[in-house]
Amino acid sequence: AGPPPSSGPGLTSGEGPIGSSGAITIAPFMGLNFPRGDLSRRSNTGLTFGVQGTWGLGVLALMAEASYSNFTGKLENGIEFDDFGTIEFAGGARAGIPLAGLYAGGLAGYFLSYSSDIGEGGDEFDVVPIVGIHLGPADVGVRYKGLLGDLDWFAITLAVHFRLR
């Protein structure tokens, strides 16, 4: 289950405090997105900015997050594509793996997309698997958006969790 929860608010240290029973954290995060498939033909690498909240249940933590991702358009075969953005609302869970702060989990979310030339994709539901490592206050993760939806990208994320309870 991990180490006992800390006595109050502040930065978390490691994965244990996030999954501790009754623990509540909030984490601003950012990500570097690498488009795949059709999205890679019209977009360059993008950025994500978001916030994630967790609620520890002892063995795992429930998560909720909201984020904004932007991909800059690119010139492909003489066609200039517009910038593309998406707003995500998701919920899921993550569980610590008893090895040096590792965790695995997933999110199910809705992605609201906008672009004047998106053509395909648009608003969609998707399931996003995540894995990561939580070392001290830094939470570094990898996720893949594209299991169910048309818009595919890998992301490397960095978060800092603040314990609220």
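Let me begin by describing the structure that accompanies this report. Predicted model, so just to flag it, every value in this text is computed and none were measured.

Quick word on the pattern of salt bridges
- Evaluation of the coordinates by the stated rule reveals 5 salt bridges.
- Between Arg41 and Asp38 there is a salt bridge whose closest N-O contact spans 2.3 Å. Of this pair, Arg41 and Asp38 both sit in helix 2 (residues 37-42), 3 residues apart, roughly one helical turn.
- Residue class for Arg41 comes out partly exposed when judged on its relative accessible area of 46%.
- Residue classification places Asp38 among the partly exposed residues on the basis of a relative accessible area of 35%.
- Notably, a salt bridge pairs Lys145 with Asp126, separated by 2.8 Å at the nearest N-O pair. Of this pair, Lys145 sits in strand 10 (residues 138-145) while Asp126 sits in strand 9 (residues 124-135), and the two are 19 residues apart along the sequence.
- In this structure Lys145 comes out as buried when scored by relative accessible area, which is 3%.
- With a relative accessible area of 0%, Asp126 lands in the buried category.
- Within this structure, Glu124, Asp126 and Lys145 form a network of salt bridges that share partners.

Describing the environment of Val131
- When you line up the elements, Val131 lands in strand 9.
- A relative accessible area of 45% places Val131 in the partly exposed class.
- A C-alpha to C-alpha distance of 9.6 Å links Val131 and Tyr144, two positions 13 residues apart in sequence.
- If we skip the residues at most four places from it in the chain, Val131 touches Tyr103, Ala104, Val140, Gly141 and Val142.

Considerations on the packing of aromatic side chains
- In the structure shown here, the tally under the stated rule is 4 aromatic pairs.
- An angle of 90 degrees between the planes, with centres 6.1 Å apart, marks the rings of Phe111 and Trp153 as edge-to-face. Residue Phe111 is located in strand 8 (residues 102-114), and its partner Trp153 is located in strand 11 (residues 152-160); the two are separated by 42 residues in the primary sequence.
- Linked through ring pairs, Phe71, Phe84, Phe111 and Trp153 together constitute an aromatic cluster.
- The positively charged end of Lys145 is found above the aromatic ring belonging to Phe111, 4.8 Å away from the centroid.
- One residue, Lys145, lies across the ring of Trp153, its end atom 5.7 Å from the ring centre.

Some remarks on the pairing of strand 7 (residues 84-97)
- Where strand 4 (residues 60-73) lies against strand 7, 12 bridges are found, and the strand directions are antiparallel. Note on strand 7: the bridge partner recorded for Tyr68 is Ile87.
- Alignment of strand 7 against strand 8, held across 13 bridges, turns out to be antiparallel. Along strand 8, the bridge assignment pairs Gly96 with Tyr103.
- Hairpin connection from strand 7 to strand 8: 4 residues lie between these consecutive antiparallel strands, with Ala100 at a positive phi of about 45 degrees.

Some words on the nonpolar core
- Ranked by internal contacts, the top residues of the largest apolar core, which has 13 residues, are Leu39 and Trp153.
- When contributions to this core are tallied by element, the ones reaching two or more residues are strand 4, strand 7, strand 8, strand 9 and strand 11.
- Take this core: its biggest share by element is 3 residues, from strand 8.
- Among residues more than four places away in sequence, those in contact with Leu39 are Phe71, Phe84, Leu151, Asp152 and Trp153.

Rules used throughout
- Residues numbered from 1 in each chain as written.
- Predicted model: local features only at pLDDT ≥ 70, side-chain atom pairs only at ≥ 80, totals over all residues.
- Heavy atoms only, no water.
- Salt bridge = Lys/Arg side-chain N within 4 Å of Asp/Glu carboxyl O.
- Helix = DSSP H or I, 4+ residues; strand = E, 2+ residues; numbered from the N terminus.
- Buried < 20%, exposed > 50% of the residue type's maximum accessible area, 1.4 Å probe, protein only.
- Contact = heavy atoms within 4.5 Å.
- Phe/Tyr/Trp six-rings, centres within 6.5 Å; stacked < 30°, edge-to-face > 60°.
- Lys NZ or Arg CZ within 6 Å of the ring centre and 35° of its normal.
- Pairing = 2+ DSSP bridges.
- Core = buried A, V, L, I, M, F, W, Y, C linked by side-chain atoms within 4.5 Å.

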